[in-house]
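Listed below are the residues making up each chain.
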Amino acid sequence: MTAPTTNTTPETTTARKPLTMFGPDFPFAYDEHVSHPAGLGTVPTTAHGTEIAVVGGGLSGMVAAYELLKLGLKPVVYEADQIGGRMRSVEFDGHPGVVAEMGAMRFPLSSTTLFHYLHEVDLQTTPFPNPLADATSSTVIDLKGESHYARTLDDLPPVFRQAAEAWQKTLEEHADLNALQDAIRARDAGTIKEIWNRLVTEYDDQTFYGFLAASPHFDSFRLRELFGQVGFGTGGWDTDYPNSILEILRVVCTAADDDHQGIVGGSQQLPLRLWHNSPKVMAHWPTGTSVASLNDGTPRPRVTELRRTAGNQITVTDSSGRIETFAAAVVTAQSWMLLNNIRCDDDLFPVDHWTAIERTHYMGSTKVFALVDRPFWKDKDPQTGREIVSTTLTDRMSRGTYLLDQGDDRPGVICLSYTWSDDSLKLLALDATERMNLMLRSLEQIYPGVDFRSHIIASPVTLSWETERDFMGAFKANLPGHYRYQQRLFTHFMQDTLDPRHRGIFLAGDDISWTAGWAEGAIHTAINAVWGIMNHLGGASTTQNPGPGMVFDTIAPIQLGD
């Protein structure tokens, strides 16, 4: 339920600066930093051409490689599958150019660093049809066998607004939401830190569900149950109920679950264009150089081993048996890969960082897509005058269904189901056709008389991230008590206080960030790693555009005691 949840309706945003993903744990202006004409910094000319291993070709790896290229370094990219990571756009057989977004598919306008890179490589976006969003013609919420059709929140029974208002009041009274968001709009790092540090100390051991249950506004179990089904922003959030409330507050205070955009042509284009694009300004390399050209057009294959060798260098073995040694490395693969798929020296990281990696908690996710002959859901019911199918939230197996219009003269794409955690696990034993049939049965109960099957023109596509060898989950979601682990992982790029044997390898990726599952967070950690490598090689950012390491001490994430 979008409208009343984060105080970002048009009436409030016109008079104030927009919310951005500025903090709250580390309020550094990454968007301003990457767009500054002075650039991210420099390395000594003697370091130009130095090879840096980049393990993982997802968004974080591609941003890191692209920025290392600009510095005059040579990123050597390793990728186990395909450039893109969880920005994976899959075409339907026989229909080139029509894609299903198997991973990231919607991006908040508040992710301003992400939009810098989208503009850099000339990608366009379009509003994403979330439930009750302005871009969504209609929404159906189907709970316990009863369906409600709505264009806005006010079209729903009063209990839905009651749940939305209960959430807003709970945030205002127990998480100081308004003051925190005002500080984020103003980019007042001091006030953000004052408020957020207190919330971290108070709520690190609290679940999302416990936070709700402790609020007098959610003293009704029925209201908590309803809220878990329809949630806020993109829909149901009960699969997040066991997670730390801090994870949810980060999303809410930065408007990460509002005002979403989709990338025209598919999200995988962004990492692919960063791979192929030649920056306008870069040190050392001739005009036209790209990350792809430095890698002879193809990334190295899967990494099988990481170890240290003489001089604290990083030696990488890949699945072809090739062994190469680097002055530094960025590891952007999901951190669990360092526990099983990649053999690592025990002393590659400090023991406390290994503990943080081992304690990482991932959420699974499954998507099921169907290609249809046309956007038939826009047909009108002759009796009601309504669309015959709407964006749908339900407690049935499909949970969330999204209608993706490619144009009246093109096939339509239906995300039949988008599920998380336990709901995703329920589908693991089923193949693509079985999953599609299960979801169609749910939708046929919600929309009796609509012949979905007659419109399907290609085999369904599906993916469960927890079964993917190189992911084993969609994204990290901290449990209560995990703040200390996250703080260790995020701050790993600050290595001057580490023993020399632990320096030179840098962790990045959305699971290292404070906002796992969001592209913006993945980019933040890539920029941190680039600064770390620059510092490691004797370079520095400029005083006009200080990097995250230069201002770290003034805005560092709070360090909780033992």
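Just above, that's the structure.
Residues numbered from 1 in each chain as written. Predicted model: local features only at pLDDT ≥ 70, side-chain atom pairs only at ≥ 80, totals over all residues. Heavy atoms only, no water.

*Asks:* What's the story with the sheet that holds strand β9 (residues 260-263) in this structure? I'm lost.
*Replies:* Sheets are built from strands paired through backbone hydrogen bonds, the pairs being either parallel or antiparallel. Across the sheet, which stays open at both edges, the three strands sit in the order β5-β9-β6 with antiparallel pairing between neighbours. Across the chains shown, the open sheet's two edge strands, defined by having one partner strand only, are β5 (107-108) and β6 (125-127). Alignment of β5 against β9, held across two bridges, turns out to be antiparallel. Counted as the bridge partner of Pro108 is His260 from β9. (Pairing = 2+ DSSP bridges. Helix = DSSP H or I, 4+ residues; strand = E, 2+ residues; numbered from the N terminus.)

*Asks:* So what exactly am I meant to see when it comes to the side chain of Arg399 here?
*Replies:* Relative to the elements of secondary structure, Arg399 occurs in the loop between β17 (391-394) and β18 (400-404). When its relative accessible area of 12% is taken as the criterion, Arg399 is described as buried. One polar contact links Arg399 to Asp238, side chain to side chain, over a distance of 3.2 Å. (Buried < 20%, exposed > 50% of the residue type's maximum accessible area, 1.4 Å probe, protein only. Polar contact = N/O pair within 3.5 Å; in protein donor to acceptor, adjacent residues only side chain to side chain.)

*Asks:* For this particular structure, what's the right way to read the environment of Asp395?
*Replies:* Within the secondary structure, Asp395 sits in the loop between β17 and β18. Its relative accessible area of 31% is what places Asp395 among the partly exposed residues. Taking the C-alpha atoms as reference, Asp395 lies 23 Å from Ala104; in sequence the two are 291 residues apart. Leave out the neighbours within four places in its chain, and Asp395 touches Asp142, Leu143, Lys144 and Gln229. From its side chain, Asp395 meets the backbone nitrogen of Lys144 in a polar contact 2.7 Å long. (Contact = heavy atoms within 4.5 Å.)

*Asks:* Explain the packing of aromatic side chains to me, please; I cannot follow it from the model alone.
*Replies:* Note on aromatic pairs: each is described by the distance of the centres and the angle between the planes. Following the criterion strictly, the structure yields 30 aromatic pairs and no others. Aromatic side chains Phe26 and Tyr30 sit 6.4 Å apart centroid to centroid with 55° between the ring planes, which places their arrangement in the tilted category. One exposure class covers both Phe26 and Tyr30, and it is buried. On the numbers, 6.2 Å between centres and 85° between planes, the contact of Tyr78 with Phe326 is edge-to-face. Here Tyr78 is found in strand β2 (residues 74-78), whereas its partner Phe326 is found in strand β12 (residues 323-326), with 248 residues between them in sequence. Exposure remark for Phe326: the relative accessible area of 1% places this residue in the buried category. Across from the ring centre of Tyr418, 4.4 Å away, lies the NZ or CZ of Lys367, which sits over that ring. (Phe/Tyr/Trp six-rings, centres within 6.5 Å; stacked < 30°, edge-to-face > 60°. Lys NZ or Arg CZ within 6 Å of the ring centre and 35° of its normal.)

*Asks:* Where do I start with the environment of Thr391 in this structure?
*Replies:* Its location among the elements puts Thr391 in strand β17. For Thr391, a relative accessible area of 2% corresponds to the buried category. With sequence-adjacent residues up to four places away left out, Thr391 is seen in contact with Pro129, Asn130, Pro131, Thr136, Ser138, Thr139, Val140, Thr401, Tyr402 and Leu403.

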